[in-house]
Amino acid sequence: MTTEPISPAARLTSYAHGGGCACKIPPGALENVVADLIGAPVRDPAAELIVGLDDGDDAAAVRITGGRAVISTADFFTPVVDDPYDWGRIAAANALSDVYAMGGTPIMAINLLCWPMDVLPYEIAGEVLRGAQEVAGAAGCHVAGGHSVDDPEPKYGMAVTGLADPDRLLRNDAGRAGMPLSLTKPLGIGMLNCRHKNTGEVSREAIETMTTLNDVASRDALAAGVECATDVTGFGLLGHLYKMARASGVSAVIDPAAVPYLEGARQALADGYVSGGTRRNLDWVRPHLAADVDEDELLLLADAQTSGGLLVAGEIPGGTVIGELVPAGDAAITVR
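What you are looking at is a predicted structure, and each value in this text was computed from that prediction instead of being measured. (Residues numbered from 1 in each chain as written. Predicted model: local features only at pLDDT ≥ 70, side-chain atom pairs only at ≥ 80, totals over all residues. Heavy atoms only, no water.)

Enquirer: Before we move on, can you summarise the packing of aromatic side chains with the specific residues and values?
Expert: With the rule as written, the count across this model stands at four aromatic pairs. Look at W87 and W115: their rings are 6.5 Å apart centre to centre, the planes differ by 20 degrees, and that puts the pair in the stacked class. Separated by 28 residues along the polypeptide, W87 in helix α2 (residues 84-101) and W115 in strand β4 (residues 105-115) bring together distant segments of the chain. Residue W87 shares its accessibility class with W115, and that shared class is buried. A centroid spacing of 6.5 Å and a plane angle of 85 degrees characterise the contact between W87 and Y156, whose relative ring orientation is edge-to-face. In this pair, W87 sits in helix α2 while Y156 sits in strand β6 (residues 155-164), placing the two residues 69 residues apart along the sequence. A single burial state applies to W87 and to Y156, both of which are buried. Through successive ring pairs, a cluster of aromatic residues spans W87, W115 and Y156. Of note, R266 hangs over the ring of Y261, and the distance from its end group to the ring centre comes to 5.0 Å. (Phe/Tyr/Trp six-rings, centres within 6.5 Å; stacked < 30°, edge-to-face > 60°. Helix = DSSP H or I, 4+ residues; strand = E, 2+ residues; numbered from the N terminus. Buried < 20%, exposed > 50% of the residue type's maximum accessible area, 1.4 Å probe, protein only. Lys NZ or Arg CZ within 6 Å of the ring centre and 35° of its normal.)

Pasting the structure below:
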């Protein structure tokens, strides 16, 4: 695994209580918070809501005239790496991923920046924005303004708008028994990021993975006729798969030996670099889980990813088949 030191003066992660998508509010608590918002009445809606809060999908979608759907999402987090340019690149790729996970094409993004004005120089913030701009530009997505606030803890992300075919969305509630499950990026990002935050050791493989867009995987899924997909981010593979299985009314079986991992992820786990977010993910899914593997394997499967890959109900080029959807049973997920 390629590693490199970083200057202690530039340890952005030291200004954050956590890192990346591992800082998400626990999934169970979040669902309780938004429960009363589901199905709230709207007076004279200007567009038809196709995907909303109901199943916790990756983004919202409304149908507009001209046979199109508008996809809308927002994602931001604390520093996941120390290099500000890389943080911006990762945050942009992660925000754009929600649109790709819905089968859409991002067309415009706006910046969301929280910055400790009296602590960190604005030049560092400029590097964050530059990295994000480059990734969005490579995706063909305009970055047009945004919003910033003074905050004791740095945070950055984007609100992204995309377009899609309303009849060809990738949704987390469209899974059917008999469909294979494919994963398009290796796991282990969370473990490596946790090690980075605690030691300053950089995994270039993890950064390359986090900054790789999910655009090709999304297009390949649509070309293959896939209807069900989600991206694997802060709730880990197990958390996002549980949401998919629950929304689709099926169960899932995972072959842990088939799941790909980044180099060094298992060693990071062995060295104790497990985020609180990863442990909360596993606690949330455990009541719905049947497993014939040890705790370490489950922690890897629950690892809180930042800018992870797509989990697709189907087979696509470049994806690794890691299991399948099966008829609903006593356990939502079986790992064997």
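Enquirer: Break down the nonpolar core for me, with residues and values.
Expert: In this structure, W87, M158, L181, L238 and I333 are the most contacted members of the largest nonpolar core, which totals 82 residues. The element contributing the most residues to this core is α2, with nine residues. Here L238 is in contact with L282, V285, L289, L298, L301, A302, I333 and V335, once residues within four sequence places are set aside. (Core = buried A, V, L, I, M, F, W, Y, C linked by side-chain atoms within 4.5 Å. Contact = heavy atoms within 4.5 Å.)

Enquirer: Can you explain a nonpolar patch on the surface? Please cite residues and give values.
Expert: A cluster of nonpolar side chains, namely I25, L30 and V33, defines an oily patch on the protein surface of about 270 Å² accessible area. Along the chain, I25 falls in the segment before α1 (27-34). Residue class for I25 comes out partly exposed when judged on its relative accessible area of 49%. (Patch = residues over 30% accessible without salt bridge, like charges linked within 9 Å, V, L, I, M, F, W, Y side chains within 5 Å. Areas by Shrake-Rupley, 256 points an atom, 1.4 Å probe, with all protein chains shown as cover. Salt bridge = Lys/Arg side-chain N within 4 Å of Asp/Glu carboxyl O.)

Enquirer: Account for the sheet that holds strand β13 (residues 333-335), naming residues and giving values.
Expert: Overall, mixed pairing links the seven strands, which are arranged β8-β11-β7-β12-β9-β13-β10 in an open sheet. The strands lining the two open edges of the sheet, one partner per strand, are β8 (229-231) and β10 (289-291). In this sheet, adjacent strand axes meet at a mean angle of 20 degrees when their direction is disregarded. Contacting β8 and β11 (310-313), α2 crosses the sheet at an angle of about 175 degrees to β8. Taken strand by strand, helix α7 (residues 236-248) contacts β7 (180-183), β8, β9 (250-254), β10, β11, β12 (320-327) and β13, and its axis lies near 150 degrees from that of β9. (Pairing = 2+ DSSP bridges. Axes fitted to C-alpha atoms, helices over the stretch in contact; angles between N-to-C directions.)

Enquirer: I'd love a proper account of the environment of C114, names of residues and values included.
Expert: By the secondary structure assignment, C114 is in strand β4. Overall, C114 belongs to the buried group, its relative accessible area being 14%. Taking the C-alpha atoms as reference points, C114 and F76, 38 residues apart in sequence, are found 9.5 Å from one another. Contacts of C114, omitting those with residues within four sequence positions, involve V149, D151, E153, P154 and K155.

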